[in-house]
Amino acid sequence: MGKLYGIGVGPGDPELLTLKAHRILGEADVIFCPEKKKGAGSFAYDIIKGLLKDAGAEIVNLVYPMHYHGDRLQEMWKENAAQIAECLSGNRIGAFITLGDPAVYSTFMYTLPYIEQAGVDVEVVPGITSFCAVADSMKMPLVAWDEDLVVAPVRENSSEDLGRILREHDNVVLMKPSANQQALLQAIRENHLEDHFVLVTKSGTGEERLVTDFAELEQYEIPYLSTVIIKRQGR
């Protein structure tokens, strides 16, 4: 049986790929690319494809639907793990690419237990998270001195939970803000944090957009690939 690397490719700028990740992608026999539905394409692959011009890896797309139907999702994770194991028979090397870092809301980690059950040796290669990239690009510390930091998703029907998080913590990273934009707006407004947030979409790409004006945020339809940072002490 071969070996699989779970590789974080960062938030969008291919130059943020680690040297180790770049080396492995150049050596891999197979690169596994997650997509939300068959034929939709992989944003993670779009990030690295320009770096693979001289690589001879086989590209295999794996579907990871954007829903929370638990039983069906688990079946797809198992099916994808079985396909990965089959592709890596005969000591082949595989790379499963995922946005940001594999340990942060990644499709790879959902599949990992089933891949290991299939007898595949796995190593995880870190990547730069979107919120670290956003904070660095803004020259804005995520935490300083004895401040705390919370990373949380925006969920449906979550305005009360978001408000509580914003009141209880110094610095908050909100992932998946498009899941409930109205709850996000309400929580910011009710806690008087209109001048304390940063929203970045498609960080590190040619389509990156920065929003720091609350009136603009109210009119903006937040896309999926977005990150919000809120600092109670101000930006």
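Everything that follows concerns the structure shown earlier in this document.
Residues numbered from 1 in each chain as written. Predicted model: local features only at pLDDT ≥ 70, side-chain atom pairs only at ≥ 80, totals over all residues. Heavy atoms only, no water.

Peer 1: I'm lost on the sheet that holds strand β10 (residues 226-231) in this one. Help?
Peer 2: In sheet architecture, strand pairing relies on hydrogen bonds along the backbone and comes in two forms, parallel and antiparallel. In spatial order, the strands read β6-β7-β10-β8-β9; together these five strands make up an open sheet with mixed pairing. Here the strands that pair on one side only, and so sit at the sheet edges, are β6 (149-153) and β9 (209-211). Each strand axis lies, on average, 15 degrees off the axis of its neighbour in the sheet, ignoring direction. Note that strand β8 (residues 197-201) and β10 share five bridges and pair antiparallel. Counterpart to Phe 197 in the pairing with β10 is Ile 230. In this fold helix α5 (residues 130-137) packs onto β6, β7 (171-175), β8 and β10, with an angle of close to 60 degrees to the strand it touches most, β10. (Pairing = 2+ DSSP bridges. Helix = DSSP H or I, 4+ residues; strand = E, 2+ residues; numbered from the N terminus. Axes fitted to C-alpha atoms, helices over the stretch in contact; angles between N-to-C directions. Contact = heavy atoms within 4.5 Å.)

Peer 1: Whenever I open this one, the pattern of salt bridges confuses me. Can you help?
Peer 2: Where side chains of opposite charge bring their charged atoms close, a pairing between them can arise. Inspection of every chain in the model, using the stated rule, returns 11 salt bridges. A salt bridge links Glu 58 to Arg 92, with the shortest nitrogen-to-oxygen separation between them at 3.5 Å. With Glu 58 in strand β3 (residues 58-63) and Arg 92 in the loop between α3 (70-87) and β4 (93-98), this residue pair connects regions lying 34 residues apart in the sequence. The residue Lys 78 makes a salt bridge to Glu 75 at a minimum N-O spacing of 4.0 Å. Remark: Glu 75 and Lys 78 occur in helix α3; sequence separation between them is three residues, near one turn of the helix. (Salt bridge = Lys/Arg side-chain N within 4 Å of Asp/Glu carboxyl O.)

All quantities given are derived from atomic positions and should not be read as evidence of function.
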